[in-house]
Amino acid sequence: QVQLVESGGGLVQAGGSLRLSCAASGLTFSSYSMGWFRQAPGKERELVAVISWSALSTYYADSVKGRFTISRDNAKNTVYLQMNSLKPEDTAVYYCAADSRWFTRYSDRTPFSSWGQGTQVTVSS
């Protein structure tokens, strides 16, 4: 059974940084693409970033390009999301997701097979 456990969320002031982690188990982690999504209250789920199994390919939403960095450590079965220059509009629950496929195009509706429970990120102005 695949299990994804996020950590690292919290409250930060605008302009600050946070690093989210997602520990994976129950899957061959090095064979999976990993993604981060977020959902703010009253809004649709948004794809934030994706990293391929080899880390050679990444995808970022336009809203986070240049501020967020996705990375992974296959030896630790963990994917990270480094978030810098945080803005109040980054406030959301952030979810980790895994899928064995790599898509040529990504969108908010790209299907991922496994999901974590989420971690809250709140950015105060």
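Some words on the pairing of strand β8 (residues 78-83)
Then step 1. Counting buried residues in β8 gives five out of six residues, a clear majority hidden from the surface.
Then step 2. In terms of strand pairing, strand β3 (residues 18-25) meets β8 through six bridges, oriented antiparallel. Bridge pairing in β8 places leucine 20 opposite leucine 81.
Then step 3. The pairing of strand β7 (residues 68-73) with β8 spans six bridges and is classified as antiparallel. By the bridge assignment, phenylalanine 68 is partnered in β8 with methionine 83.
Then step 4. The hairpin formed by β7 and β8 contains four residues between the paired strands, and asparagine 77 there has a positive phi angle of roughly 55°.

Details of the state of the cysteines
Then step 1. If you walk through the whole model with that rule in mind, you get one disulfide.
Then step 2. Here cysteine 22 is linked by a disulfide to cysteine 96, with a sulfur-sulfur distance of 2.1 Å. Between cysteine 22 and cysteine 96 the sulfur-sulfur dihedral comes to about -80°; the bridge is accordingly left-handed. A residue pair is termed long-range when its members are at least 10 positions apart, and cysteine 22 in strand β3 and cysteine 96 in strand β9 (residues 92-99) qualify at 74 residues. With respect to burial, cysteine 22 and cysteine 96 carry one shared label: buried.

Thresholds, definitions, all that
- Residues numbered from 1 in each chain as written.
- Predicted model: local features only at pLDDT ≥ 70, side-chain atom pairs only at ≥ 80, totals over all residues.
- Heavy atoms only, no water.
- Buried < 20%, exposed > 50% of the residue type's maximum accessible area, 1.4 Å probe, protein only.
- Helix = DSSP H or I, 4+ residues; strand = E, 2+ residues; numbered from the N terminus.
- Pairing = 2+ DSSP bridges.
- Disulfide = S-S within 2.5 Å.

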